[in-house]
Amino acid sequence: MCRMHTQQSRNISSFDGIRGLLAVWVMLSHVTQLVGGPSGLISRGGIAVDLFMFVSGFLMVWTVEGRGDREPVNALSTWRSFFIRRFFRIAPLFYLALVLAYGFAGLFDSWLRTAYEAIGIAFDRPFRYCAPSVPVDVILHLSFLFGLFPCSSSSNFLPDWSLSLEMQFYLLFPIIYLVMSRSRIQWLPAVLLVCAGIAQAYTSVYAMDNQKLLSYPQPSILPLRINCFLVGMSLASLVWRGRRDGWLCLALVLNAILFQRLTFTVLVASIVLMLFQQGGLWLKPGWTLVKPLALMERVLRLRMLRVLGDISFGIYLIHLFVVVPLVVKFNESNWFMSLSGDMRFVVVAAVSLPLVIFVALLLHEMVEKPMISIGKKLSAPPSSKPRLEGVGS
C-alpha cells in the first residue's frame, strides 16, 4: 500500500511541543492538589496522562512506518531493536529516580503528609500499606511489572504507574500493529475496545471498592487505558496509509460514551484536524479552521516547546522531588498560608517550574542522552534479519 507523505511532511515536531505541555500539565495538577489550588481543567492531570498515551500510540506507529525501508516490520531484529531503544529511553532515568524514592521513602511520606494536612486534607494511601516487602517491590519495579499488582502500582513517591502501563503497551505493540496493518477490516481495535469497557466495568480505580472484582490506586493495567493507545495508533495509520474506514471516528465517539473522556476526545479531535491540515488530507482552503490550526502548529514547533518535549519525561518523573519540599517550605510562612488557594498555586508554580525544567535539562544531558545513544548502538540491526513466519512483506 503506498504511503501518502513525503519525507518532509513526515516531520511531526509539533508533537514535541505537545509532550512538553502535557508534562507541565501533570506537574501543575499536582501543585493544585498540594496547595488547594484552582479546580477545573488544570487540576485534571489524568487527562494529560491519557493524552500521553495517545501520543505514545501515535509515535510508535509513526516510527515503525518511518523506519520501514531500513527495518522491515516482518524482521525479528526490527522488534529486538524496538525493545532495546524503548528500554534505554525509559529505564535509566527511572532507575535513578527509584534509588531516591526508596532511599528517602520515609522523608517523602512525611513531606506529603505535612503538605496535605496544611490544607486540611487527610493523608490516606490505603494501597501503600499493603505493599509487598521492599525486595519484592524493588524487583517488580525493576522489571516494570509493578503496575499489574494493586499494592505495588503506587507504592512509592513517584508517579511511575504509567511507566509500567507503557511497558505493557510496548510488549503487545508488535502484535497489535502487525494485525492492524495487515487486516482490511479493523476488527482487533474493536475487540480491544470492548475488553477495555469490560475491564473498566469490573475494576475500581483510585480507591478500594469491595463491590468490584479488582481495585487499583491508578489505571496501571493496559485494559483500562488501551483505548487511548489505540486512538493514537489508528490516527497514525490513517495519516500514513490513508485509511478512511471510519475506525478513528468510531474510537473517538466510543471514548466519549464508554469512558466519559469528553475533554480527551475534543483535544484529540483538535490534533487530528491539525495533522490533516498539515497533510492536506481533508481540510479545504476555504475552511475557517485552517488558519487557527496552522497557527497552533507553528506555536507547537517553537524551539522552546520542542526542548520542553525533549525533557518531558524528566519533568514528569522528577517534578515531585522539587514541588513537594518546596510546598512544605512555603507552608511554614504565615504570609503564604494567608493567601487564597489560587494565589498559593501561582506562587508555587512560578517558583517550581523553572527549577524542575533546570533539573530535567541536567538529567537529559547527563543521563537520558548518553543512555539513548547506547540504546541506539546496541539496537543497530545486524546485516541479516530472520523473517517472522506467516507474515507477508
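Residues numbered from 1 in each chain as written. Predicted model: local features only at pLDDT ≥ 70, side-chain atom pairs only at ≥ 80, totals over all residues. Heavy atoms only, no water.

Student: It is not clear to me how the overall build of the protein chain should be interpreted in this structure. Could you clarify?
Tutor: Along the protein chain, the regular secondary structure elements total 15 helices and two strands. Across the 393 residues of the protein chain, 52% fall into the buried class. Considering only contacts in the protein chain between residues 6 or more positions apart, those separated by 24 or more positions represent 73%. With the model as given, the accessible surface of the protein chain reaches about 18,300 Å², and the carbon-plus-sulfur share is 66%. (Helix = DSSP H or I, 4+ residues; strand = E, 2+ residues; numbered from the N terminus. Buried < 20%, exposed > 50% of the residue type's maximum accessible area, 1.4 Å probe, protein only. Contact = heavy atoms within 4.5 Å. Areas by Shrake-Rupley, 256 points an atom, 1.4 Å probe, with all protein chains shown as cover.)

Student: Help me understand the packing of helix α2 (residues 45-66) against helix α6 (residues 161-182) in this model?
Tutor: For any two helices packed against each other, the geometry is given by the interaxial angle and the distance between the axes. Contact pair α2 / α6: the axes reach a minimum separation of 11 Å and the direction vectors enclose 35 degrees. With respect to the hand of their crossing, α2 and α6 are arranged in right-handed fashion. Touching V49, F52, M53, S56, G57, M60, V61, V64 and E65 of α2 are W161, S162, L165, E166, F169, Y170, F173 and Y177, all from α6. Looking at the contact of α2 with α6, its residues break down into twelve nonpolar, three polar and two charged. (Axes fitted to C-alpha atoms, helices over the stretch in contact; angles between N-to-C directions. Left-handed = near helix turned anticlockwise from the far one by under 90°. Nonpolar A, V, L, I, M, F, W, Y, C, P; charged D, E, K, R; others polar.)

Student: Quick question: what am I supposed to make of the packing of aromatic side chains here?
Tutor: One pair of aromatic rings is described through two measures. These are the centre distance and the angle between the planes. The full count for this structure, using the stated rule, is 26 aromatic pairs. Aromatic pair F94 and Y95: ring centres 6.0 Å apart, planes at 40 degrees, arrangement tilted. Seen from their ring centres, F330 and W335 are 6.3 Å apart, and the 90 degrees between their planes marks the pair as edge-to-face. What links up through ring pairs into an aromatic cluster is the set W79, F82, F83, F169, Y170, F173, Y177 and F229. (Phe/Tyr/Trp six-rings, centres within 6.5 Å; stacked < 30°, edge-to-face > 60°.)

Student: Honestly, a nonpolar patch on the surface in this entry has me stumped. Any pointers?
Tutor: Taken together, the side chains of V194, I198, Y202, L213 and L214 make up a nonpolar region of the molecular surface, amounting to roughly 530 Å² of accessible area. The element contributing the most residues to the nonpolar patch is helix α7 (residues 187-202), with three residues. For L214, the position within the fold is in strand β2 (residues 214-216). Among the residues examined, L214 registers a relative accessible area of 37% and is labelled partly exposed. (Patch = residues over 30% accessible without salt bridge, like charges linked within 9 Å, V, L, I, M, F, W, Y side chains within 5 Å. Salt bridge = Lys/Arg side-chain N within 4 Å of Asp/Glu carboxyl O.)

Student: Can you walk me through the pattern of salt bridges in this structure?
Tutor: Pairs can form between side chains of opposite charge once their charged atoms are near each other. A full pass over the atoms with the stated rule returns four salt bridges. Residue R89 pairs with E368 through a salt bridge whose shortest N-O separation is 2.6 Å. Here the residue R89 occupies a position in helix α3 (residues 76-103), and E368 occupies one in helix α15 (residues 341-378), the gap between them amounting to 279 residues. The burial state of R89 is the same as that of E368; both residues are buried. For E365, the salt bridge goes to K369, with nearest N and O atoms at 3.4 Å. Of this pair, E365 and K369 both sit in helix α15, four residues apart, which is roughly one turn of the helix. What makes E365 partly exposed here is its relative accessible area of 47%.

Student: Can you walk me through unusual backbone geometry in this structure?
Tutor: Glycine aside, residues mostly have negative phi angles, and peptide bonds mostly take the trans form. Even without being a glycine, F144 presents a positive backbone phi close to 65 degrees. Mapped onto the elements, F144 comes out in the loop between α5 (134-142) and α6.

Student: How should the environment of T78 be read in this particular structure?
Tutor: Relative to the helices and strands, T78 is located in helix α3. Assessed through its relative accessible area of 6%, T78 is described here as buried. Through-space distance from the C-alpha of T78 to that of A380 is 9.3 Å; in sequence the pair is 302 residues apart. Sequence-distant contacts of T78, defined by excluding residues within four places in its chain, comprise E71 and P72.

Student: Explain the confidence of the model for the protein chain to me, please; I cannot follow it from the model alone.
Tutor: Reading fine detail from the predicted coordinates is not recommended where pLDDT is low. Summarising the model, the protein chain shows a mean pLDDT of 80, and 77% of its residues fall at 70 or more. Under a pLDDT of 50 for its full length, residues 277-289 has, in the predicted model, 22 contacts with residues more than four places off or in other chains. Every residue in residues 384-393 is under pLDDT 50, and counting partners more than four places away or in other chains gives 20 contacts. (pLDDT = per-residue confidence, 0-100.)

Student: What exactly am I supposed to notice about the packing of α3 against helix α13 (residues 312-331) here?
Tutor: Between α3 and α13, whose axes approach to 11 Å, the crossing angle comes to 0 degrees. Judged on the interaxial angle alone, α13 and α3 are roughly parallel. Residues R89, I90, L93, F94, A97, L100 and A101 of α3 pack against F313, G314, L317 and F321 of α13. A per-class count over the contact of α3 with α13 returns nine nonpolar, one polar and one charged. (Parallel < 35°, antiparallel > 145°, perpendicular 65-115°, else oblique.)

Student: Where do I start with the side chain of D160 in this structure?
Tutor: By secondary structure assignment, the location of D160 is in the loop between α5 and α6. In terms of polar contacts, D160 uses its side chain to reach the side chain of H141, at 3.5 Å. Every residue in contact with D160, bar those within four places of it in the chain, is listed here: F94, L98, H141, F146 and S153. (Polar contact = N/O pair within 3.5 Å; in protein donor to acceptor, adjacent residues only side chain to side chain.)

Student: I keep staring at the environment of F88 and nothing clicks. Help me out?
Tutor: With respect to the helices, strands and loops of the structure, F88 is situated in helix α3. For the pair F88 and M371, spaced 283 residues apart in sequence, the C-alpha separation works out to 5.7 Å.

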